[in-house]
Amino acid sequence: MKPHRRASGEQTIGVPRYLSAALLASLCVIVGVMWDISWHSTIGRDTFWTPAHMAIYAGGLIAGLSCGWLVLATTFGGAASRGDTVRFWRVFHAPLGAWVCIWGTFAMLTSAPFDNWWHNAYGLDVQILSPPHTVLALGIAAIQLGALLMTLALQNRAGAAAAQRYRVLYAAAAGLLFLNATIMTTEYHRRVLMHTPQFYVVACLVFPFYLVTLARASRLRWPTTSIAAVYTVVMLAMVWLLPLFPATPRLGPIYQTVTHMVPPDFPLLLLAPAFVLDLMFQRVPDTLRGWRLAALLGTVFFAVFFAAQWSFGSFYNSPASENWVFASTNYYYALPKTSYAYRHIFPPVRPAKLAGGLALAAGLAVLSSRLGLACGDWLRRVKR
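This is a predicted model, so every value here is computed, not measured.

(A) The arrangement of the overall build of the protein chain in detail. Scanning the protein chain for helices and strands turns up eleven helices and four strands. What you see for the protein chain is a C-alpha radius of gyration of 22 Å, in line with the 21 Å of a compact globule of 384 residues. A burial count over the protein chain gives 54% of its 384 residues as buried. Within the protein chain, counting contacts between residues at least 6 apart in sequence, those at least 24 apart form 75% of the total. Entry remark: accessible area of the protein chain is about 17300 Å², with carbon and sulfur atoms responsible for 66%. Here the protein chain contributes 29 positively and 12 negatively charged side chains, and the mean placements of these two sets differ by 11 Å.

(B) Representation of the packing of helix α5 (residues 160–184) against helix α7 (residues 223–241) in the model. Closest axis-to-axis distance for the α5/α7 pair is 8 Å, and the angle between their directions is 60 degrees. Between α5 and α7, the crossing angle belongs to the class labelled oblique. Seen along the crossing, α5 lies across α7 with a hand that is right-handed. Seen from α5, the contacting residues are A171, A172, A174, G175, L176, F178, L179 and T182; seen from α7, they are S226, I227, V230, Y231, V234 and M235. For the contact of α5 with α7, a count of residues per class yields eleven nonpolar, three polar and no charged.

(C) Representation of the confidence of the model for the protein chain. Taken residue by residue, the protein chain gives an average pLDDT of 89. The fraction at 70 or more is 93%. Mean pLDDT across the elements of the protein chain bottoms out in strand β2 (residues 11–12) (46) and peaks in α7 (97). Confidence drops under a pLDDT of 50 for residues 6–12, and excluding neighbours within four residues, the segment shows 21 contacts in the predicted structure.

(D) Just the pattern of salt bridges, in detail. Evaluated as defined, the whole model comprises three salt bridges. Among the ionic pairs, R157 bridges to D84, the shortest N-O distance being 3.6 Å. Residue R157 is found in helix α4 (residues 131–157), and its partner D84 is found in the loop between α2 (51–76) and β3 (86–88); the two are separated by 73 residues along the sequence. Residue R157 is classed as partly exposed on the basis of its relative accessible area, which comes to 32%.

(E) Region of interest: the side chain of S41. Looking at where S41 falls in the secondary structure, it is placed in helix α1 (residues 17–42). Excluding residues that lie within four positions of it along the chain, S41 makes contacts with V262, Y332 and Y333.

(F) Representation of the environment of T42 within the structure. Relative to the elements of secondary structure, T42 occurs in helix α1. Taking the relative accessible area as the measure of exposure, T42 reaches 0% and is therefore buried. Sequence-wise, T42 and A229 are 187 residues apart; in three dimensions their C-alpha atoms are separated by 27 Å.

(G) How the structure looks around the environment of A141. Tracing the backbone through its elements, the reader meets A141 in helix α4. In this structure A141 comes out as partly exposed when scored by relative accessible area, which is 25%. C-alpha separation for the pair A141 and G298, spaced 157 residues apart in sequence, amounts to 24 Å. Excluding anything up to four places from it in sequence, A141 contacts L177 and N180.

(H) Examining the environment of V31 more closely. Structurally, V31 can be placed in helix α1. Residue class for V31 comes out partly exposed when judged on its relative accessible area of 26%. Separated by 204 residues in sequence, V31 and M235 place their C-alpha atoms 9.4 Å apart.

(I) Molecular detail of the packing of α4 against α5. Interhelical geometry of α4 versus α5 gives an angle of 160 degrees and a closest axis separation of 9 Å. In terms of orientation, α4 lies roughly antiparallel with respect to α5. Note on packing geometry: the crossing formed by α4 with α5 is left-handed. Across the interface between the two elements, A137, I140, A141, Q144, L145, L148, T151, L152, L154 and Q155 of α4 pack against Y166, R167, L169, Y170, A173, A174, L176, L177, N180 and M184 of α5. For the contact of α4 with α5, a count of residues per class yields 15 nonpolar, four polar and one charged.

(J) Just unusual backbone geometry, in detail. For A327, which is not glycine, the phi dihedral falls at a positive 55 degrees. Classification of A327 as buried rests on a relative accessible area of 7%.

The rules behind these values
Note that residues are indexed from 1 along each chain, following the sequence as it is written. Reporting of local features is limited, given that this is a predicted model, to residues whose pLDDT is at least 70; pairs of side-chain atoms are given and counted only at 80 or more, and all residues count toward the totals for whole chains, interfaces and linings. To get the side-chain values, all heavy atoms of the structure are used, and hydrogens and water are removed first. For the purposes of this entry, the term helix denotes a DSSP run of H or I that reaches at least four residues, the term strand denotes a run of E that reaches at least two, and both are numbered from the N terminus. Restricting the calculation to C-alpha atoms gives the radius of gyration, and the globule rule supplies 2.2 Å times the number of residues raised to the power 0.38. When accessible area is computed with a 1.4 Å probe and restricted to protein chains, residues below 20% of their type maximum are described as buried, those above 50% as exposed, and intermediate ones as partly exposed. The criterion used for residue contact is that any of the two residues' heavy atoms lie within 4.5 Å. For every accessible area listed, the method is Shrake-Rupley and the probe measures 1.4 Å; residues are considered covered only by the protein chains on display. In this charge count, Lys and Arg are treated as positive and Asp and Glu as negative; neither His nor the chain ends contribute. Working definition for charges: the position is that of NZ of Lys, CZ of Arg, CG of Asp or CD of Glu. To get an axis, fit a line to the C-alpha atoms, keeping to the stretch in contact for a helix; angles then go from 0 to 180 degrees between the N-to-C directions. An angle counts as roughly parallel when it lies under 35 degrees, as roughly antiparallel when it exceeds 145, as roughly perpendicular when it falls between 65 and 115, and as oblique in every other case. Two helices that cross are described as forming a left-handed crossing if the nearer one is turned anticlockwise from the farther one by less than a right angle, and a right-handed crossing if clockwise. Classification used: nonpolar for Ala, Val, Leu, Ile, Met, Phe, Trp, Tyr, Cys and Pro, charged for Asp, Glu, Lys and Arg, polar for all others including Gly. By definition, pLDDT measures how confident the predictor is in each residue, and it falls between 0 and 100. Salt bridge, as used here, is a side-chain nitrogen of Lys or Arg placed within 4 Å of a carboxyl oxygen of Asp or Glu.

Dropping the structure here:
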């Protein structure tokens, strides 16, 4: 394998330590977020010093400290690789991704006391995107984006010998960033919403943008499938591992008997549209670009995702899915027994509203794909 230079200028073989730290931080923050959502669904909020919160902020500190070290080493360590960096305040040098990670760390640390005050003032969150959680989500997204940019720069500069390793690491970083997008839209992807228009409107607005952007910058043969696979594997691990730990609610009102950590919903079937998108990327001629390519990708995403998820929704909302594999009885401890989710009933939707919503979703998928193509083309040029 071709050696690469450390920030200090020293040549070494393998993955740079700062990149390993950034990817570890990206994994820590997203696992911590999923753990925290489960904690809130199972126990309620008892203290700031929960293990889930510690995992989130440990990820932030790992990213901030490792990237801070990288800045100092690159700026004052006599590095011979400053040409691969971005200068800040005319003095400090570091890869673009490192600066984004550092910003994310400050945003996360800012959100911590804000979140603690918010909970003390208003109690348990009724939605994921409360104001302090929005600041935290921006910080987490920045750390994951920074890890992605650092991996991308190394992938785009790597010689043939090291290219495959960075391609795989890029897929991992992209998958974790995409997982964050799915978690931030969780409220619109509940089991009981799978036969409603808002489920597909939000999915088609967000997911094609991420998948097309991230796949466009990848050099793997199956980039979209790889990214969706990372999302699916991490989600399945949380679905199957969290219920192994006993826990009970500590905050009322309590409407459900909860004895173990509540897992997330079974992952969305994004592998199906991701696989078809990869086939499109491989087979469409190079002359098909811009809006025409976006129309093809968006339409394919909508059609395949709708067919897969609508059918799966019928099964997932039935008694056949009430087992440890699919975990459709993952009731939040304060979920009323009169709710659609508890009764496994889809909320009624008028046919005209459903048809209008699906048409809107198809249009948004095309728009989202077009933005993804533009952003992906920019990412392909990142080398610093």
